[in-house]
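# Secondary and tertiary structure notes
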Amino acid sequence: MLSIILCSCQGGNQYKKLSKEDRGNNHYKGHYKVGDQYAIKNKTYKPTEVTRYNKVGQASWYGKKHGFHGKKTANGDVYNKNLLTAAHRILPLPSLAKVTNLGNGKSVIVLINDRGPFSKDREIDVSEKAAEVLGMKQQGVAKVRVQYLHAESQTFLKTLGLQKKTGSKAKKPLKNKHCSVNCHIKLVNLKYNGRI
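Below you will find a few notes about this structure. (Residues numbered from 1 in each chain as written. Predicted model: local features only at pLDDT ≥ 70, side-chain atom pairs only at ≥ 80, totals over all residues. Heavy atoms only, no water.)

## Thoughts on the state of the cysteines
This is how the line gets drawn: When two cysteine sulfur atoms are found within 2.5 Å, that pair is recorded as a disulfide.
One pass over the full model with this rule turns up one disulfide. C179 shares a disulfide with C183; S-S distance 2.0 Å. Sign of the S-S torsion, about -95° for the bond between C179 and C183, identifies this disulfide as left-handed.

## Description of the nonpolar core
So the rule is basically this: Definition of nonpolar core: a set of buried residues of the types Ala, Val, Leu, Ile, Met, Phe, Trp, Tyr and Cys, connected through side-chain atoms within 4.5 Å. Only protein chains enter the area calculation, which uses a 1.4 Å probe; residues under 20% of their type maximum are buried, those over 50% are exposed, and those in between are partly exposed. A run of H or I in DSSP becomes a helix once it reaches four residues, and a run of E becomes a strand once it reaches two; helices and strands are each numbered from the N terminus. Here, residues are in contact when the closest pair of their heavy atoms is within 4.5 Å.
The biggest cluster of nonpolar side chains holds 43 residues, and the ones touching the most others in it are I112, I124, V126 and M136. Residue assignment for this core shows that the elements contributing at least two residues are β3 (54–62), β5 (95–101), β6 (107–114), β7 (122–127), α3 (128–134), β8 (141–148), α4 (150–160) and α5 (181–192). In terms of residue count, the dominant contributor to this core is β6 (five residues). In this view, V126 contacts S60, W61, Y62, T85, A86, A131, L134 and M136; residues no more than four positions away in its chain are not counted.

## Some points on the packing of aromatic side chains
The criterion, for reference: Ring geometry is summarised as follows: Phe, Tyr and Trp rings, the Trp one being its six-membered ring, pair when their centres sit within 6.5 Å, and such pairs are stacked at plane angles under 30 degrees, edge-to-face over 60 and tilted between the two.
This structure, assessed with the given rule, holds five aromatic pairs. For the pair Y38 and F118, a centre-to-centre distance of 6.0 Å together with 90° between the ring planes defines the contact as edge-to-face. Within this pair, whereas Y38 is found in strand β1 (residues 38–40), its partner F118 is found in the loop between β6 and β7, the two being separated by 80 residues in sequence. Judged by relative accessible area, which is 18%, Y38 ranks as buried. By relative accessible area, F118 is classed as partly exposed at 25%.

## Describing the pairing of β3
Applicable threshold: At least two bridges found by DSSP between two strands are what make those strands a pair.
Judged from the seven bridges that link them, β3 and β8 form a sheet pairing that is antiparallel. From the neighbouring strand, K55 faces β8, where its bridge partner is V146. The pairing of β3 with β7 spans five bridges and is classified as parallel. Among the inter-strand pairings, A59 is bridged to a residue of β7, identified as I124.

## Regarding the side chain of D114
Going by this rule: Only four residue types enter the charge count, namely Lys and Arg as positive and Asp and Glu as negative; His and the chain termini do not. Note on definitions: salt bridges are taken to be side-chain nitrogens of Lys or Arg within 4 Å of carboxyl oxygens of Asp or Glu. A 3.5 Å cut-off defines polar contacts: any pair of N or O atoms within that distance qualifies, except that in protein one atom must be a possible hydrogen donor and the other a possible acceptor, and neighbouring residues in sequence count only when both atoms are side-chain atoms.
Counting through the fold element by element, D114 comes out in strand β6. For the buried D114, no salt bridge exists, and the shortest N-O distance to an oppositely charged side chain is 7.4 Å, to R115. Only 3.1 Å separates the side chain of D114 from the side chain of Y62, close enough to count as a polar contact. A polar atom in the side chain of D114 sits 2.9 Å from the backbone nitrogen of A74. Those residues within four positions of D114 in sequence are excluded, and the remaining contacts are Y62, T73, A74, A86, A87, H88 and L93.

In structure tokens, the structure reads:
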């Protein structure tokens, strides 16, 4: 599927379509971060390097109406409600995770680039766009499975130009000037889900 998509990208037109939500976002703004143990609302969280993570819990979403759109995330990236991103309390930043809505079977692969959620029983906070893909935007919350994608995350770090080292920043723009950061997230979705 991915090879078909890539072969059809004559002149970068297909990449440009996949980049429509963040056209020109070709130099990743965030840095690699795991972070120290921290406490929010009297509860302690310990971010950690993982190779596997598979948890079921409640997902919520955040967007422009919550005042986050355009603001910096926990690793210095800029939150855009239209991109396939999410916040997690302990997974490395940035990393990739598959989120599956257990109520309807819909899934999406998101880039974890922020910390949260800190409400009781919440496992992940997805972007407004990811909530739409998961079919949970209207109800606001959904029971989901969150699966960390280790191999895909390591490949994605290389794509962004980040070393797996705290504070590492991209020194150069993405190799494909037509394919933005979100375009690359969509390509992973197309490869593993067959859709975005």
